[in-house]
Amino acid sequence: MSVAANALPEAPERPVAPRVAGPDHPALVPAPGGVPIGWWGLAWLVATEATLFGGLLSAWFFTRAAADSWPEGGIAPPELGRISVFTVVLLASSLPLVWGEAAIRRGRVRGLRVALALSFLLGAAFLANQVVDYRDLTFGIRDNAYASLFYVTTGLHGMHVAVGLAVSLAVQAKVAAGRIDADHHLSVRVFSLYWHFVDVVWIAVFSSLYLSTHVR
Amino acid sequence: MTAVEEVRPDVRPEGEPRAEEERLAAAWEDPPGLIGFFTTVDHKRIGVRYIVTAFVLFALAGLMALGMRAQLARPDEHLVGPQAYNELFTMHGTIMIFLFNTPVLAGFGNYLLPLMLGTRDMAFPRLNAFSYWIFLGASTFMLSSALVGQVPATGWFAYVPLTGPQFATDRAVDFWGLGVVFIGISTTAGAINFLVTAQKLRAPGMALHRIPLFVWSILAMALMVVFAVPAVTLAAGLLELDRLAGMAIFDPQLGGQVLLYQHLFWFWGHPEVYILFLPAVGMVSSIIPIASRERHAGYLWVVTAFLAIAFISFGVWVHHMFATGVPAQAAGLFSAASLVIALPSGVLYFCWIATMLLGRVRFTVPMLFCAGFLGIFLAGGITGVMVAVLPFDVQVTDSYFIVAHFHYVLNGAVVFPIFAAVYHWFPKMIGRELSARLGRWSFWIMVISFQFTFFPMHVLGLLGMPRRIYTYEGGLGWDTLNLVVSIGGAVFGLGVLLTLVNVAWSWRRGAPAPADPWGGDTLEWSVASPTPEWNFAAIPVVDDVSPLWVEGGPVVAAGGEDEATRSLGVEGAEARTTPITRGLEARPAGTMPIPGPTWLPLCVAAGIFVVAFGALYRSIPVLVVGAAAGIAALVWWLWRTEEDLR
């Protein structure tokens, strides 16, 4: 090692202007296709959102593990009947999107339109049921930690459903405006990724908040 | 192999813009003046802006530290009262972690990532502008607590129940809690932008094993952000729900768990240490090879170590909670995981030493700061291993030993590389050289006074001096050491000031910097200083991890006819596009149009800012107005971007 107090290291001998690679350069052989940038952006958002739900459910089980009784404060465990039906409704709302994506890949706008509308109706039915459910609950958000976490977790999920429904409307508007075709349907892909996430995360929320409370 | 034609573009005398450059400027220049300032989406302007804002906050946090040290210089001092002292250490920690270290590294990442990857902007340029405005908004929000005289004073981690609605009755904690949720949006959006940029916008030929190490360090950091920040958002968010909506999540009397808060906080808090550390060592790994005139030793080992540290960092958080009575088996596991981090860190260390030994080190100012880093990080790493050992940690927890340890790692091993980076990349960013003479003075003052500031804290801790006390009795054997620490801190501040003066002076008056003042190896040194708005007129073709050090110099691509290659050449830059590449080998796959300047990210951030104040003052109308404005701007933004890019 040598110590040069003042001088910057000399740059190596090197041409002023760069050389130009011709189209036959191996690194420049085109490889069209691939996953679009927007899809990746949403995929990472979904990853961080999934972690958010993971943390919330961890908080749920952490609180439960330390509680004397569960639910706390003499609250009855949640009813399973209706919510199970609407769980199936929500999960079912993902299927039309799979068909819709397949349809638009082949340029069938009509098929996509029907699929989006069907998925929207199923999602809206689920959300409506959640609103009714809240009205029927016998406890408030301030009663105890169980109650607060129950509202926060289902409320956060409900917000995600609501955002998904709003985005669905926007995508449907784009379809109606004739902006979606076989080559331009990134917004459909991105929306359906988000919607599948909202559905899948409900499986975790439902199992933790509803089913597991009945398991002793 | 005749793939590379020996035809070189003509080199013309300076000062004569060619028609091509005029077209490029027309496509890329921001609107003039203030409008351009508020609407720009240029990653370089945003990056520099991040760095400057963060340094203003750094100076503020430094002054707070000096205030604390003035108070502790002598026993039974009454310069600042206990409340003011609590506010000082809370805001010092909060600013340094949330508002200086994280954003300043994001700033360097912003500036350098597209340049090192050989592309013309980030994957989501408007989201990038948004990240900055959110950072500025969150910083303003937290600092405005001083205007209403309700400054957070509960420590930078704001443990419940002290911060719960029962005990912290004014709005001080809300400034902290809402601010943390607020800044999390910025960090996460930035991280996603980094990840997608490095996935999809690498120059053709930049396979995984040719990605510069600084980019790898930013990638590892961004991965940690994606999976760690939700935890602190939850900790602060649930705390705010308890405080603002009267929930009972952390209320022990209603079945809430106070330790849950600590788990959530530190599940982010420990990866956060590496979120700061990895980009900093990425900077060191960029500078040492250039100063040593030698390729980085053990490239694959370094990348593996970065990723290993990122992964293991999620399994160590309980070592911040050893004193809370966690079960012995769990504590043992977390202690072991904390010790394991020393292995990848050691790998990094030996790779740096090997690079220096294989090359010929020239101690330029950036290299001096790296050398300072090497020494201080070694000491901080060793005390890190000490406090990872359970019985030792229980002895020194909440004492000045811990303060000494984390200043060795966070100040020595993060701030020193940041200073190295300022000296290293300032010529590229601003187009002017910093004074090396002033830089060396700054370095020597900082590195020597550092030892006087922080080394005695180890001894003070072992002598039993607790953290977060605003004063102490004389005659406990702490007096002299505390005085040494305070004087050392003031001198350290002087060293920092010299660099700030250097930057402020050289910004306008420094000598013009050449494109490549250091003989660098990565692509940012192949463009002019300061970097032109379009970064690369023609996109580089990469077949080496040090593309500027290959025989014959760098290679650029000519534009093609089809969708995959039409943005490679200068026509692509004139059309404000950049190539999308695909696969491990990064072959051209498509063309990405780069959206132009817009007010909308600023408007969305302003909406969120109003929402934060609405929540703070529990005012539903303000909250609704802010949310409505933010959502309207967001919808307009998404629609507008699609229109612009059609």
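In what follows, the accompanying structure is described. None of the values given here were measured: they were computed from a predicted structure. The numbers attached to residues start from 1 for each chain and follow its sequence in the written order. A letter from A marks each chain and a number from 1 marks each ligand, given out in the order of writing. Under the rules for a predicted model, residues below a pLDDT of 70 receive no local features and side-chain atom pairs below 80 are neither given nor counted, while totals for whole chains, interfaces and linings still include all residues. Based on all heavy atoms of the structure, the side-chain values leave hydrogens and waters out of the count.

A few words on the overall build of chain A. Each helix is a run of H or I in the DSSP string that is no shorter than four residues. Each strand is a run of E no shorter than two, and both are numbered from the N terminus. Helix and strand content of chain A: six helices and one strand. The secondary structure elements of chain A, listed N-terminal to C-terminal, are β-α-α-α-α-α-α. Based on C-alpha atoms, the radius of gyration is set beside the globule rule, defined as 2.2 Å times the residue count to the power 0.38. For a compact globule of 216 residues, the expected C-alpha radius of gyration is about 17 Å, and chain A comes in at 26 Å, more than 25% above that figure. Taking the principal axes of the C-alpha coordinates as reference, chain A spans close to 80 × 60 × 25 Å. When the 216 residues of chain A are sorted by exposure, 47% land in the buried category. Within chain A, residue pairs in contact and separated by at least 24 positions form 81% of the contacts whose partners lie at least 6 positions apart. For the accessible areas, the method is Shrake-Rupley and the probe is 1.4 Å, while residue cover comes only from the protein chains on display. Accessible area for chain A stands at about 10100 Å²; split by element, carbon and sulfur atoms hold 67% of it. Taken as two groups, the 15 positive and 14 negative side-chain charges of chain A have centres that lie 10 Å from each other. Under the scheme applied here, a residue whose accessible area is under 20% of the maximum for its type counts as buried, over 50% as exposed, and between as partly exposed, the area being computed with a 1.4 Å probe on protein chains only. Note on contacts: a residue pair qualifies if any of its non-hydrogen atoms lie within 4.5 Å across the two residues. As used throughout, the charge tally considers Lys and Arg to be positive and Asp and Glu to be negative, leaving His and the chain termini uncounted. For this purpose, a charge sits on NZ of Lys, CZ of Arg, CG of Asp or CD of Glu.

Turning next to the side chain of Thr-355 of chain B. Of note, Thr-355 of chain B is situated in helix α11 (residues 342-358). Those residues in contact with Thr-355 of chain B that lie beyond four places of it in its chain are Ile-288, Pro-289, Ser-292, Glu-294, Arg-295, His-296 and Ala-297 of chain B.

Moving on, we come to the environment of Ile-341 of chain B. Residue and element names in this part refer to chain B. By secondary structure assignment, the location of Ile-341 is in the loop between α10 (328-340) and α11. For Ile-341, a relative accessible area of 5% gives the class buried. Once residues lying within four places of it in the same chain are set aside, the contact partners of Ile-341 are Tyr-274, Ile-309, Ile-312, Ser-313 and Val-316.

Attention shifts here to the nonpolar core. The term nonpolar core refers to a set of buried residues drawn from Ala, Val, Leu, Ile, Met, Phe, Trp, Tyr and Cys, joined through side-chain atoms within 4.5 Å. Counting residues in hydrophobic clusters, the biggest one holds 267 residues, and the most contacted among them are Phe-108, Phe-265, Trp-268, Trp-352, Phe-373 and Phe-416 of chain B. Among all residues touching Trp-352 of chain B, those that are not within four sequence positions of it are Val-281, Val-284, Ser-285, Ile-288, His-296, Phe-373, Leu-374 and Phe-377 of chain B.

Residue and element names in this part refer to chain B. Within strand β4 (residues 577-582), five of the six residues are buried, which leaves it mostly tucked inside the rest of the structure. DSSP bridges decide pairing: two strands pair if at least two such bridges lie between them. Where β4 meets strand β5 (residues 587-593), six bridges bridge the pair, whose relative direction is antiparallel. Bridge pairing in β5 places Thr-578 opposite Met-592. Between β4 and β5, which pair antiparallel one after the other, the connecting turn spans four residues, and Gly-583 there sits at a positive phi close to 80°.

With that settled, the discussion passes to the interface of chain A and chain B. The partner chain B presents 82 residues to the 59 residues of chain A that form the contact. When the two sides are added together, the surface that chain A and chain B hide from each other amounts to roughly 6100 Å², 64% of it contributed by carbon and sulfur. Between Lys or Arg on one side and Asp or Glu on the other, a salt bridge is scored when a side-chain nitrogen of the former is within 4 Å of a carboxyl oxygen of the latter. The interface formed by chain A and chain B holds three salt bridges in total. In this structure, Arg-179 of chain A engages Glu-643 of chain B in a salt bridge whose closest nitrogen and oxygen atoms are separated by 2.5 Å. Any N or O atom pair separated by 3.5 Å or less is treated as a polar contact, with the protein-specific requirement of one donor-capable and one acceptor-capable atom, and with residues adjacent in sequence counted only for side-chain atom pairs. Linking chain A with chain B are 18 residue pairs in polar contact (both at pLDDT 80 or more). Taken together, the elements giving at least two residues each to the side of chain A that touches chain B come down to β1 (19-21), α1 (37-66) and α5 (145-176) of chain A. The element best represented in the side of chain A that touches chain B is α1 of chain A, accounting for 16 residues. As judged from the three bridges shared by β1 of chain A and strand β3 (residues 555-557) of chain B, these two strands associate in the parallel manner. Pairing of Val-20 of chain A across the sheet is with Val-556 of chain B, part of β3 of chain B. The term buried area denotes the loss of accessible surface (1.4 Å probe radius) that occurs when two parts are joined, taken as the sum for both partners.

Residue count minus one, scaled by 1.5 Å, sets the expected span of a helix. Taking 1.5 Å of rise per residue, the 14 residues of helix α9 (residues 299-312) of chain B would be expected to cover 20 Å, and the 20 Å separating its terminal C-alpha atoms lies within 8% of that figure. All buried positions along α9 of chain B are accounted for by Tyr-299, Val-302, Val-303, Ala-305, Phe-306, Ile-309, Ala-310 and Ile-312 of chain B.

Enumeration according to the criterion identifies 15 salt bridges over all chains in this entry. For the salt bridge of Arg-45 of chain B with Asp-30 of chain B, the shortest nitrogen-to-oxygen distance reads 2.9 Å. Here Asp-30 of chain B lies in the loop between α1 (19-28) and α2 (33-39) and Arg-45 of chain B lies in helix α3 (residues 43-72), a separation of 15 residues in the sequence. Judged by relative accessible area, Arg-45 of chain B falls into the partly exposed class, the value being 31%. For Asp-30 of chain B, a relative accessible area of 18% corresponds to the buried category. One salt bridge in this structure joins Asp-398 of chain B and Arg-468 of chain B, with 3.4 Å as the shortest N-O distance. With a gap of 70 residues between them, Asp-398 of chain B in the loop between α13 (390-396) and α14 (400-430) and Arg-468 of chain B in the loop between α15 (436-462) and α16 (479-509) connect regions that are remote in the sequence. Given the relative accessible area of 42%, Asp-398 of chain B is considered partly exposed. Residue class for Arg-468 of chain B comes out partly exposed when judged on its relative accessible area of 28%. By sharing partners, the salt bridges in this structure join Arg-82, Asp-133, Arg-135 and Asp-136 of chain A into a single network.

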